[in-house]
Amino acid sequence: MVAQTIPVDDFDLVIIGGTGDLAKRKILPSLYRRVCAGQMPENARIIAAARSDFSQQDYKDFIRQALEDFVKSKKRNKKKIETFLERLTYIKLDATGIEGWKELSQSLRAGAVHAFYFSVGPSLFAPLAERLMKHKITDENTRIVVEKPFGRDLASAQSLNAVLARCFREDQIFRIDHYLGKETVQNLMALRFANALFEPLWNSQHIDHVQITVSESLGVEGRGAYYDKSGAMRDMMQNHLMQLFCLTAMEPPAVFDAASVRDEKLKVIKALDPILEGDMVRGQYRSDENGDSYQNESGNPASTTESYIALKANLSNWRWVGTPFYLRTGKKLRNRMSEIAIVFKDPPHSIFEDSQDLKGNVLTIRLQPDEGINLSMTIKEPGPGGMRLTEVPLDMSFADALGEDEADMPDAYERLIMDVIRGNQTLFMRGDEVEAAWAWVDPIIKAWEKSGAKPAQYDPGSNGPDDSLMLLHKDGRRWREIT
Ligand code: NAD
């Protein structure tokens, strides 16, 4: 199946932080792929701005290398790479000083959409917005893209929102959560709202519980010092897992537009019950055979920051009351895997003797690896000799269904950056949504900080701390394998 490419308006995209890790690993490779897909208008340009001293040629060489490193070989084409590099300009700019702003202002073309991607540390988000205003670089049509983390608690998120609101209208602010740009996540909405099959079953009458897992096999690696001030709750739960949770639990919006989808997501967060103390487990990985514990890698031998968190979330609304959502995320676990698993209730009465050990219907929306959707069904084991039952997957791997291999699947950033140019905010977070999510997690974090409790230890390569198994065992359930 050939994906349809809808051209976007002519644009100048300014990547502030254009020499950083995110720019070279994700943003520029994604833009290159959009050029290859024929979606970038011929005159569209990319202006990279950062503190470092790069000549135009140095910067092009730097990005040529980044494309070599981060674009799959099948997608690399010498001629296209050179065409792409011709679109790049580098400006040395100081986000907190005066250097570079005049040059930036002069380099923008009248008539093109101007988008500014804040790919810098969070302490620079507010100063950047203010400087764009001060130097009169913005107009009615300007967009800004703000990376994560958006605040570290409710108060800081509110104050950042307030600064941005002084400089821009809400429809100009694109708070990015790249999970929302993943093909499978959008397919979760298509599955729910473009098919009549699932929606009648999508409630506490038919769904026993939901499990959302985002597990990483790597530890904090070089990001230890940053991560130690954040932890799994702030770094993953408050944003990525909450977004997946909202899309799974929300009501069907009346129309598929930014305001309606975001209104429904907000209602989900507002319907969340406060978390009970026994409904949450914090963990931290202990040392492996190389002695690399979380505390070593974070450079803080007394750290009590969690590298793992699991919790049980309950929603007080008509659709979901009585159906818990179990959410977990952690580092240095058995595998890198992200999925949403909808576990349906057993049939009300079993007429087969051989059905006790079967897991029943589970709808799995797999984000990584091997993006796809899978529904496990119980069928009769083939052959004579009575009615023996077995489980089989009804598998819809996207690669198979769409006739594309993984290299052809668009990266989340490709989709999201093009949405910024289009001015489509459906897959971005609204200010009140982010604040509501912080308002829910803030009391939890404050309670830990007050108690001074240490996180439970777990072995690298495991499924997380033993206590997290108990979180489900006490409800008569078990986590799915991290495979
Ligand atoms: P980085 O430290 O690798 O890069 C930071 C960039 O900001 C560099 O280009 C640097 O020159 C520039 N910069 C720093 N101070 C500046 C100043 N005063 N004026 C102008 N430029 C300045 O960081 P990163 O990993 O690329 O992350 C950027 C943002 O994206 C962060 O907010 C991060 O949380 C977020 N993010 C990163 C990743 C990732 O995979 N790297 C993933 C998700 C979100």
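Please read these numbers as outputs of a predicted model, since none were measured by experiment.

> Before we move on, can you summarise the packing of aromatic side chains with the specific residues and values?
Applying the stated criterion across every chain, the model contains 15 aromatic pairs. Taking the centre distance of 5.9 Å and the plane angle of 80° together, the rings of Phe-54 and Tyr-59 count as edge-to-face. These aromatic residues form a ring-pair network of at least three members: Tyr-227, Tyr-285, Tyr-294, Tyr-308 and Tyr-458. A cation sits over an aromatic face here: Lys-182 above Tyr-179, 5.3 Å from the ring centre.

> Summarise the site of the ligand; cite the residues concerned and give the values.
With respect to spatial proximity, 21 residues lie near the ligand, and among them Thr-19, Asp-21, Arg-25, Ala-95 and Val-120 are the closest. Here Leu-22 contributes a backbone N or O atom positioned 2.8 Å from an oxygen atom of the ligand. Between an oxygen atom of the ligand and a main-chain N or O atom of Lys-148, the distance comes to 2.8 Å. For the ligand, whose free accessible area comes to 830 Å², the fraction covered by protein is 75%. In terms of residues, the shell around the ligand owes the most to one element, helix 1 (residues 21-36), which gives three residues. Grouping the constituent residues of the shell around the ligand by class yields nine nonpolar, six polar and six charged.

> Would you mind going over the side chain of Asp-235 in detail, with residue names and values included?
Looking at the element boundaries, Asp-235 is found in helix 9 (residues 231-249). Here Asp-235 falls in the buried class, since its relative accessible area comes to 3%. If sequence neighbours within four positions are ignored, Asp-235 has contacts with Lys-148, Arg-223, Tyr-226, Tyr-227, Ser-230 and His-240.

> An account of the environment of Leu-247 is requested, with residue identities and associated values reported.
Mapped onto the fold, Leu-247 is located in helix 9. Along the backbone, Leu-247 and Ile-212 are 35 residues apart, and their C-alpha atoms lie at a distance of 12 Å.

> How would you explain the domain arrangement of the chain if you had to name every residue and give the values?
Many authors give the size of an interface as the accessible area that is lost as the parts come together. Under the domain assignment, the chain is made up of domain 1 (11-147) and domain 2 (180-410 + 430-473). Centre-to-centre, using C-alpha coordinates, domain 1 lies 34 Å away from domain 2.

> An account of the sheet that holds strand 11 (residues 337-344) is needed here, citing residue identities and associated values.
The nine strands are arranged 14-13-12-11-7-10-9-8-15 in an open sheet whose pairing can be described as mixed. Pairing within the sheet leaves two strands with one partner each, and these edge strands are strand 14 (389-397) and strand 15 (456-458). On average, adjacent strands in this sheet sit at an angle of 20° to one another, irrespective of strand direction. Two elements, strand 7 (residues 207-215) and strand 11, share eight bridges in a ladder whose sense is antiparallel. Following the sheet pairing, Val-214 is matched in strand 11 by Ser-338. Most of the contacts of helix 7 (residues 183-193) go to strand 12 (residues 362-368), to which it runs at about 150°, and overall it touches strand 11, strand 12 and strand 13 (372-380). This element, helix 15 (residues 466-473), spans strand 7, strand 8 (280-285), strand 9 (308-313), strand 10 (325-330) and strand 15 of the sheet and lies at about 10° to strand 9.

Conventions used here
- Residues numbered from 1 in each chain as written.
- Predicted model: local features only at pLDDT ≥ 70, side-chain atom pairs only at ≥ 80, totals over all residues.
- Heavy atoms only, no water.
- Phe/Tyr/Trp six-rings, centres within 6.5 Å; stacked < 30°, edge-to-face > 60°.
- Lys NZ or Arg CZ within 6 Å of the ring centre and 35° of its normal.
- Near = heavy atom within 4 Å.
- Polar contact = N/O pair within 3.5 Å; in protein donor to acceptor, adjacent residues only side chain to side chain.
- Areas by Shrake-Rupley, 256 points an atom, 1.4 Å probe, with all protein chains shown as cover.
- Helix = DSSP H or I, 4+ residues; strand = E, 2+ residues; numbered from the N terminus.
- Nonpolar A, V, L, I, M, F, W, Y, C, P; charged D, E, K, R; others polar.
- Buried < 20%, exposed > 50% of the residue type's maximum accessible area, 1.4 Å probe, protein only.
- Contact = heavy atoms within 4.5 Å.
- Domains from an automatic or database assignment.
- Pairing = 2+ DSSP bridges.
- Axes fitted to C-alpha atoms, helices over the stretch in contact; angles between N-to-C directions.

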